[in-house]
Amino acid sequence: MEEFFKGKKFIVTGANAGIGETITKRLVSLGAHVFAVGRDAKKLPPATPNLTPVCADVGEWDSYDIIKKLGPVHGLVNNAGVAYIESFFDMTQEGWDKTLNINARGIVRISQAVAQNMKDAGIKGSIVNVSSTISERAIPDHTSYCASKGAVNQVTRVMSIELGPLGIRTNNVNPTVVMTKMGAKAWSDPVKSNPILSRIPIGRFAECDDVANVTLFLLSDYSTYVNGVSIPVDGGFLAS
């Protein structure tokens, strides 16, 4: 599988931290060129022969133009996302709008640009959308986040139907809690984490590399007949 990535080009959004940073590093280590997308230029990784930092806010509709100008790539990882932790009664317009714009609409807009470039270049590429297990199993205080990730699942299915005939595959990875720096801090309270952790048969939360492993599989030619699916990266959480 590793040979597949050499000399190919990929776009990763939310590449400055967590899952996106890990996927970016893994792709570069395999000889791919990565366009690392983030909205804060100061936090993006520095340019190297195999990495191009790209400042773009996927929550903005006009981000399409920035991504389109990057030209054809072989794969896209829609990883950028935000979470507003708000109870149902306290949910704000800002929390709802930004979460849906970045997590759901942003995937559509970025993918439109990438898929159009793939189509024009005749590339049979792969698009991987990072969703979540709570797209299917709700938890308190995450109304907008659950809604956005449920939307991601359905967007992925529609994309798989419309882009599949072009040779462009679209799939989800659906992790449970991931131990990024932010995730470790957010879920450090056992009162909050234990109800979920106790339902994971493997007995731990996910690491960034767990998500990257499945993402690389979906980007590679080892998954050429996988299209329109959501793959849980959850240690068995959804099965319990």
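Residues numbered from 1 in each chain as written. Predicted model: local features only at pLDDT ≥ 70, side-chain atom pairs only at ≥ 80, totals over all residues. Heavy atoms only, no water.

**Points about the packing of helix 2 (residues 18-29) against helix 8 (residues 208-219)**
Axes are the key here: two packed helices are described by the angle between their axes and the distance separating the axes.
Here's step 1: It is the contact of helix 2 with helix 8, at a shortest axis distance of 9 Å, that shows an interaxial angle of 55 degrees. In terms of orientation, helix 2 and helix 8 fall into the oblique class. The chirality of how helix 2 crosses helix 8 is right-handed. Between helix 2 and helix 8, the residues in contact are Gly18, Ile19, Thr22, Ile23, Arg26 and Leu27 and Cys208, Asp209, Val211, Ala212, Asn213, Thr215, Leu216 and Leu219, respectively.
Here's step 2: Residue composition of the contact of helix 2 with helix 8, grouped by class: 8 nonpolar, 4 polar and 2 charged. (Axes fitted to C-alpha atoms, helices over the stretch in contact; angles between N-to-C directions. Helix = DSSP H or I, 4+ residues; strand = E, 2+ residues; numbered from the N terminus. Parallel < 35°, antiparallel > 145°, perpendicular 65-115°, else oblique. Left-handed = near helix turned anticlockwise from the far one by under 90°. Contact = heavy atoms within 4.5 Å. Nonpolar A, V, L, I, M, F, W, Y, C, P; charged D, E, K, R; others polar.)

**Focus: the layout of surface pockets**
Here the idea is plain: a probe the size of a water molecule rolls over the atoms and shows the empty space left.
Here's step 1: Space inside the largest pocket adds up to approximately 1400 Å³.
Here's step 2: Around the largest pocket, the lining comprises 48 residues; the ones closest to its centre are Gly81, Val82, Ala83, Thr180 and Met182.
Here's step 3: Counting only elements with at least two residues in the lining of the largest pocket, the list comes to helix 2, strand 2 (33-38), helix 5 (143-163), helix 6 (181-186) and helix 7 (190-197).
Here's step 4: Classifying every residue of the lining of the largest pocket by side-chain character gives 23 nonpolar, 16 polar and 9 charged. (1 Å grid on protein atoms, 1.4 Å probe; cavity = no way out; pocket = protein on both sides within 12 Å on 5 of 7 lines; lining within 4 Å. Points joined across faces, edges and corners; volume = space filled by probe spheres on them.)

**Some details on the pattern of salt bridges**
Here's step 1: For the coordinates displayed, the defined rule picks out 5 salt bridges.
Here's step 2: The residue Lys25 makes a salt bridge to Glu21 at a minimum N-O spacing of 3.5 Å. Placement of both Lys25 and Glu21 in helix 2 is noted, with a separation of 4 residues, approximately one turn of the helix.
Here's step 3: Since its relative accessible area comes to 54%, Lys25 is described here as exposed.
Here's step 4: Judged by relative accessible area, Glu21 falls into the partly exposed class, the value being 30%.
Here's step 5: Note that Lys98 is salt-bridged to Glu94, the shortest N-O span being 3.3 Å. Taken as a pair, Lys98 and Glu94 lie in helix 4 (residues 93-121) at a separation of 4 residues, close to a single helical turn.
Here's step 6: Residue Lys98 is classed as partly exposed on the basis of its relative accessible area, which comes to 40%. (Salt bridge = Lys/Arg side-chain N within 4 Å of Asp/Glu carboxyl O. Buried < 20%, exposed > 50% of the residue type's maximum accessible area, 1.4 Å probe, protein only.)

**Notes on the side chain of Ser144**
Here's step 1: Among the secondary structure elements, Ser144 is positioned in helix 5.
Here's step 2: Exposure remark for Ser144: the relative accessible area of 1% places this residue in the buried category.
Here's step 3: Reaching out from Ser144, the side chain makes a polar contact with the side chain of Thr99 at a distance of 3.5 Å.
Here's step 4: With near-sequence residues (within four places) excluded, Ser144 lies in contact with Tyr84, Met91, Gly95, Trp96, Thr99 and Leu100. (Polar contact = N/O pair within 3.5 Å; in protein donor to acceptor, adjacent residues only side chain to side chain.)

**Some details on the sheet that holds strand 5 (residues 126-130)**
Here's step 1: Taking strand neighbours across the sheet as the criterion, the 7 strands line up as 3-2-1-4-5-6-7 in an open arrangement whose pairing is parallel. The sheet terminates laterally at strand 3 (51-55) and strand 7 (230-233), the two strands that pair on one side only. Taking each pair of neighbouring strands and ignoring which way they run, the sheet shows an average axis angle of 20 degrees.
Here's step 2: Direction of pairing for strand 6 (residues 169-175) relative to strand 7: parallel, over a ladder of 4 bridges. Note on strand 7: the bridge partner recorded for Pro175 is Val233. (Pairing = 2+ DSSP bridges.)

**Topic: the packing of helix 4 against helix 5**
Here's step 1: Packing of helix 4 against helix 5 leaves a shortest axis separation of 8 Å and a crossing angle of 15 degrees. Comparing their axes, helix 5 and helix 4 come out roughly parallel. As for how helix 4 packs across helix 5, the hand of that crossing is right-handed. Seen from helix 4, the contacting residues are Gly95, Trp96, Thr99, Leu100, Asn103, Ala104, Ile107, Val108, Ser111 and Ala115; seen from helix 5, they are Thr143, Ser144, Tyr145, Ala147, Ser148, Lys149, Ala151, Val152, Val155, Met159 and Leu163.
Here's step 2: Its residues assigned to classes, the contact of helix 4 with helix 5 comprises 13 nonpolar, 7 polar and 1 charged.

**Some words on the packing of aromatic side chains**
Here's step 1: On inspection of all chains with the given rule, the structure shows 4 aromatic pairs.
Here's step 2: An aromatic cluster is present here, built from Phe4, Phe5 and Phe10 joined pairwise through their rings.
Here's step 3: Here Lys8 stacks its cationic end above the ring of Phe4, 4.5 Å away from the centre of that ring.
Here's step 4: The ring of Trp187 carries the charged tip of Lys192 above its face, separated from the ring centre by 4.4 Å. (Phe/Tyr/Trp six-rings, centres within 6.5 Å; stacked < 30°, edge-to-face > 60°. Lys NZ or Arg CZ within 6 Å of the ring centre and 35° of its normal.)

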